[in-house]
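# Understanding the architecture of this molecule
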Amino acid sequence: LGLLLLLLSTALAATLAMQQLRSIAHVEAQARAQQVADSVAGRITRALTLGVPLAELVGVPALFDQRMQQVPGIVALAMVDGSNQPLWLQLPQQPVAQRGLHAQGKDALALPLVPSGLSVSAPVYAGNADALAAQVVLVWQDADAGSLLVKSLLPLVAWSLAIGVL
């Protein structure tokens, strides 16, 4: 009976710990996604404040491609106008879809087509902080408690083994 209670309490503790890790992983993923979206929006805002019109931006596809290669958590990256129509859209393993493609039909490049994940947005301003020109929308892969567990628990176990605690 004592062994059964020990096993049940261990299973309960493990379940509660995984729920806590999922919550932490979600918060971490959201913060990282927002940081990347803000950075991309900042780069585009800088170009607009230098006088480049939104319709004439040419470096967006390269910027999106670069970020998707550098940051493995990005599932999709887009810039949408004030009516939420995509101006640029980057999905993994696909070339950047550029301005005008949404003219094929309202739903042709609607953002719901992007893979599931955590979605954040960051404003892109034109000229000053009051003139919203567009938004960068970033979809981040779902929070993975398993990878957080590996990143945080394995070093602790290795350290414990190294000093002879376990």
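These remarks concern the structure in this document. (Residues numbered from 1 in each chain as written. Predicted model: local features only at pLDDT ≥ 70, side-chain atom pairs only at ≥ 80, totals over all residues. Heavy atoms only, no water.)

Looking now at the overall build of the chain. In terms of helices and strands, the chain carries 3 helices and 4 strands. Listing every helix and strand of the chain by position from the N terminus yields α-α-β-β-β-β-α. Across the 166 residues that make up the chain, the buried fraction comes to 33%. In the chain, once contacts between residues fewer than 6 apart in sequence are set aside, the share between residues at least 24 apart is 55%. As displayed, the chain offers around 10000 Å² of accessible surface, 61% of which is attributable to carbon and sulfur atoms. (Helix = DSSP H or I, 4+ residues; strand = E, 2+ residues; numbered from the N terminus. Buried < 20%, exposed > 50% of the residue type's maximum accessible area, 1.4 Å probe, protein only. Contact = heavy atoms within 4.5 Å. Areas by Shrake-Rupley, 256 points an atom, 1.4 Å probe, with all protein chains shown as cover.)

Ordered in space as E2-E1-E4-E3, the 4 strands form an open sheet in which the pairing is antiparallel. Since the sheet does not close on itself, it has two edges, and those belong to strand E2 (86-90) and strand E3 (118-125), each with one partner. Going from strand to strand, the sheet's axes swing by 15 degrees on average, the running direction of each strand aside. Where strand E1 (residues 74-80) lies against E2, 4 bridges are found, and the strand directions are antiparallel. The residue of E2 that forms the bridge with Ala-78 is Leu-89. The sheet strands contacting helix H1 (residues 2-49) are E1, E3 and strand E4 (132-140), and the helix crosses E3 at an angle near 25 degrees. Along the sheet, helix H2 (residues 60-70) makes contact with E1 and E2, crossing E1 at roughly 160 degrees. (Pairing = 2+ DSSP bridges. Axes fitted to C-alpha atoms, helices over the stretch in contact; angles between N-to-C directions.)

On to the nonpolar core. Of all hydrophobic cores here, the largest spans 29 residues; its most connected members are Ile-44, Leu-54, Met-79, Leu-138 and Trp-140. Mapped onto this core, the elements with two or more residues apiece are H1, H2, E1, E2, E3 and E4. When residues in this core are grouped by element, the largest group, 8 residues, is from H1. Counting 6 residues, the second-largest nonpolar core is a separate cluster that includes Val-75, Ala-78, Leu-91 and Val-139. (Core = buried A, V, L, I, M, F, W, Y, C linked by side-chain atoms within 4.5 Å.)

This part takes up H2. Here H2 has its buried residues at Val-60, Pro-61, Leu-63, Phe-64, Arg-67 and Met-68. All buried residues of H2 lie within an arc of 165 degrees about the axis, which places them on one face of the element. Those residues of H2 that are exposed and aimed more than 90 degrees away from the buried face are Ala-62 and Gln-69. Along its buried surface, H2 packs onto H1, E1 and E2. (Arc of directions from axis to C-beta.)

A separate point is the pairing of E4. Counted residue by residue, E4 has 7 buried out of 9 residues, so it is predominantly covered. With 8 bridges joining them, E3 and E4 adopt antiparallel strand pairing. Directly across from Val-120, in E4, lies its bridge partner Leu-138.

A separate point is the pairing of E2. For E2, a buried count of 5 out of 5 residues is recorded, marking the element as mostly surrounded by other parts of the structure. Hairpin geometry of E1 and E2 is characterised by an intervening segment of 5 residues between the two adjacent antiparallel strands and by a positive phi of about 65 degrees at Asn-84.

Here we come to unusual backbone geometry. Residue Asn-84 is not a glycine yet carries a positive backbone phi of 65 degrees. Structurally, Asn-84 can be placed in the loop between E1 and E2.

This brings us to H1. Because the α-helix completes a turn every 3.6 residues, residues three or four places apart line up on one side. Taking 1.5 Å per residue, 48 residues should reach 70 Å; H1 reaches 69 Å between its end C-alpha atoms and fits that length. Within H1 the residues assigned to the buried category are Leu-21, Ala-25, Ala-29, Ala-33, Val-36, Ala-37, Val-40, Ala-41, Ile-44, Thr-45 and Leu-48. Directly beyond the C-terminal end of H1, a positive phi value near 105 degrees is found at Gly-51. (Expected span 1.5 Å × (residues − 1).)

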